Amino acid sequence: MAKSVWKKVAPGIYLRGAMQYQVKIARKGRTIVETFDSLAEAQRFRLKTITEIDGGVYVDPLREKETTLLDLLVRYEAEVTPTKKGSRQETSVLRMWRSQSWSSLPIASISPAHILDWRNGRVKEGKAPTTVSNAMNTLSAVFSHAINEWQFRVSNPVLGLKRPKSRPARLVNMPASDRVKLLEACLHGPKWLFYVTSLAIETAMRQSEIRRVHWDYVFDTHIHLPDSKNGEARNVPLTSEAVAIIEQIKLNLPRRPDGWMFGDPDLPMCSGGITLHAVTREFADAVAWAMEQPDGLSQKYTFHDLRHVAITELKKDHVDAMELAKTTGHKTINILHKVYFNPDPVEQANDIRERRAARKIGRAEIKRRGRW
């Protein structure tokens, strides 16, 4: 039987038999071969593809089958993650996704079923809803970036999937006796721990913000934060108690030549830095020590709980929620009140009664003067 051959019928188009038209394109380092049933289809494809290649917008459909999720995660970690404020945390999440057995699959084969199976497994393990949701959000961001910026023709498998239901907001109230015991316990840790904890309780600053306090931005009335969690600079007003804490820091902690109050936030402890892990670990040790004492803490605290405690106290010193949000660095007032403002019910009732009594006295005085 004679071997069929391809016959050129148009530029870059070849015919075999009566029904197969093959398009061959070699342009700007790309080699593309496709087969069609009609000459018209072949010509349209060739013209469209050459135009896209020359315009720099051509996307090779084979990429989605040749590129694995692992490839995508590695590229995202190298190119995108370093530009973010929370790059260290995101790197950890990306590496978690890389450890999944199905990360070796082509991105075109990653389906919502993979994500759902992972989500349900983490929920059964008792992982915090926010931890699971944040991980899903990170993976969704990877796919969105790949689709919008790298022009991959795939769907985002995370899009539309439900996140685990959030747990009720943590309510934190710290009795005055606990505050004394906690600060006393901090004295048993590194010298800076007492002052870091004291500033957190008095100013409501985040741990990351306290670690980044630089003496060049410490003033008599406030601490200036050039860069906060929400990406904006803000000024943290100082109460007289906070000023006293800073004066104690000046007296008792050696002034660092690099200007940081507690240590370079980007260096490990062994190199003169102060990391998030170091603060979290030392604070947890202090809490554990305090709880082991005969008359120990009434409850277990995390460092982030100090922000709850401070905001609840600072609310009493602010005119309204807008003013308080400026101090605490919140963009969303709803989150500020729902999550961080945890008033003591007894104090709240007493405050309401005092205001009601004052209002009644005011009405009585108006009536007495005949102006009601």
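For the structure itself, consult the block above.
Notes on the structure in this doc start here. This structure is a prediction, so every number in the text was calculated from the model and none was measured. (Residues numbered from 1 in each chain as written. Predicted model: local features only at pLDDT ≥ 70, side-chain atom pairs only at ≥ 80, totals over all residues. Heavy atoms only, no water.)

Moving on, we get to the pairing of strand β3 (residues 20-27). Two strands pair when backbone bridges link them, and strand β2 (residues 13-16) and β3 are joined in this way by four bridges, in the antiparallel orientation. Bridge pairing links isoleucine 13 to valine 23 in β3. Taking the residues that link successive antiparallel strands as the turn, the β2-β3 hairpin has three residues, and the phi of glycine 17 there is positive, at about 70 degrees. Sheet topology note: the β3/strand β4 (residues 30-36) ladder contains seven bridges and is antiparallel. If you follow alanine 26 over to β4, its bridge partner there is threonine 31. Between β3 and the antiparallel strand that follows it, β4, lie two residues; lysine 28 among them carries a positive phi value of about 50 degrees. (Pairing = 2+ DSSP bridges. Helix = DSSP H or I, 4+ residues; strand = E, 2+ residues; numbered from the N terminus.)

Bringing the sheet that holds β2 into the picture now. Sheet strands pair by backbone hydrogen bonding; their relative direction is either parallel or antiparallel. If you trace the four strands from one edge of the open sheet to the other, you get β1-β2-β3-β4, paired in antiparallel fashion. Edge positions in the open sheet fall to β1 (7-10) and β4, since each of these has one partner strand only. For this sheet the average axis-to-axis angle between neighbouring strands, irrespective of direction, equals 30 degrees. (Axes fitted to C-alpha atoms, helices over the stretch in contact; angles between N-to-C directions.)

Before going further, it helps to spend a moment on unusual backbone geometry. Non-glycine residue glutamine 151 carries a positive phi angle of around 60 degrees. Within the secondary structure, glutamine 151 sits in the loop between α6 (129-148) and α7 (176-186). Overall, the relative accessible area of 41% leaves glutamine 151 in the partly exposed class. A positive phi angle is found at alanine 204, which is not glycine, with a value near 70 degrees. Residue placement: alanine 204 occurs in the loop between α8 (191-203) and α9 (207-211). Residue classification places alanine 204 among the buried positions, given a relative accessible area of 0%. (Buried < 20%, exposed > 50% of the residue type's maximum accessible area, 1.4 Å probe, protein only.)

Judged by nonpolar contacts, the single largest core of 40 residues is most densely connected at Ile249 and Phe262. Contributions of two or more residues to this core are made by α7, α8, β5 (222-225), α10 (240-252), α11 (276-292) and α12 (305-314). In this structure phenylalanine 262 touches Trp192, Tyr195, Val196, Leu199, Ile210, Ile249, Leu253, Arg256 and Ile274, once residues within four positions along its chain are discounted. (Core = buried A, V, L, I, M, F, W, Y, C linked by side-chain atoms within 4.5 Å. Contact = heavy atoms within 4.5 Å.)

Here we come to the pattern of salt bridges. Counted by the stated rule, this structure contains 15 salt bridges. Among the ionic pairs, glutamate 77 bridges to arginine 98, the shortest N-O distance being 2.6 Å. One end of the pair, glutamate 77, is in helix α3 (residues 69-79); the other, arginine 98, is in helix α4 (residues 87-98), with 21 residues separating them in the sequence. Since its relative accessible area comes to 13%, glutamate 77 is described here as buried. On the accessibility criterion, arginine 98 (29% relative accessible area) is partly exposed. (Salt bridge = Lys/Arg side-chain N within 4 Å of Asp/Glu carboxyl O.)

So, on to the packing of α7 against α8. The contact between α7 and α8 brings their axes to 8 Å, and the two run at 150 degrees. On the basis of the axis angle, α7 is roughly antiparallel to α8. Of the two possible hands of crossing, α7 and α8 adopt the one that is right-handed. For the pair α7 and α8, contact is made by Arg179, Leu182, Leu183 and Cys186 and by Leu193, Phe194, Thr197, Ser198, Ile201 and Glu202, respectively. (Parallel < 35°, antiparallel > 145°, perpendicular 65-115°, else oblique. Left-handed = near helix turned anticlockwise from the far one by under 90°.)

Further remarks concern a positive patch on the surface. Together, Arg356, Arg359, Lys360 and Arg363 make up a positively charged patch on the protein surface. By secondary structure assignment, the location of arginine 363 is in helix α15 (residues 345-368). With relative accessibility at 40%, the residue arginine 363 sits in the partly exposed group. (Patch = residues over 30% accessible without salt bridge, like charges linked within 9 Å, V, L, I, M, F, W, Y side chains within 5 Å. Areas by Shrake-Rupley, 256 points an atom, 1.4 Å probe, with all protein chains shown as cover. Lys, Arg positive; Asp, Glu negative; His and termini not counted. Charge placed at Lys NZ, Arg CZ, Asp CG, Glu CD.)

The next point concerns α3. Listing the buried residues of α3 in full gives Leu69, Leu72, Leu73, Tyr76 and Glu77. Taken end-on, α3 shows its buried residues confined to a sector of 130 degrees, consistent with a single buried face. Looking at the buried residues of α3, the elements they touch are α4 and α6. (Arc of directions from axis to C-beta.)

This next bit is on the environment of glutamate 209. Relative to the helices and strands, glutamate 209 resides in helix α9. For the pair glutamate 209 and aspartate 227, spaced 18 residues apart in sequence, the C-alpha separation works out to 8.4 Å. Ignoring any residue separated from it by four or fewer positions in sequence, one finds glutamate 209 in contact with Leu225, Ser228, Lys229 and Arg234.

With that settled, consider the side chain of glutamate 90. Relative to the elements of secondary structure, glutamate 90 occurs in helix α4. Overall, glutamate 90 belongs to the buried group, its relative accessible area being 10%. Here the side chain of glutamate 90 touches lysine 84 through a polar contact of 2.8 Å, side chain to side chain. Setting aside residues no more than four positions away along its own chain, glutamate 90 makes contact with Tyr76, Thr81, Lys84 and Thr138. (Polar contact = N/O pair within 3.5 Å; in protein donor to acceptor, adjacent residues only side chain to side chain.)

Put simply, α4 and α6 touch, their axes get as near as 10 Å, and they point 80 degrees apart. Judged by the angle between their axes, α4 and α6 are roughly perpendicular. Along its contact with α4, which presents Glu90, Val93, Leu94, Met96 and Trp97, the element α6 presents Ala135, Met136, Thr138, Leu139 and Val142. Partitioned by chemical class, the residues of the contact of α4 with α6 number eight nonpolar, one polar and one charged. (Nonpolar A, V, L, I, M, F, W, Y, C, P; charged D, E, K, R; others polar.)

Another aspect to go through is the packing of aromatic side chains. Across all of its chains, the model carries five aromatic pairs by this definition. The interplanar angle of 45 degrees and the centroid separation of 5.1 Å between the aromatic rings of phenylalanine 36 and phenylalanine 45 together place this pair among those described as tilted. The interplanar angle of 55 degrees and the centroid separation of 5.9 Å between the aromatic rings of tryptophan 97 and tryptophan 102 together place this pair among those described as tilted. No difference in accessibility class separates tryptophan 97 from tryptophan 102, as the two residues are buried. (Phe/Tyr/Trp six-rings, centres within 6.5 Å; stacked < 30°, edge-to-face > 60°.)

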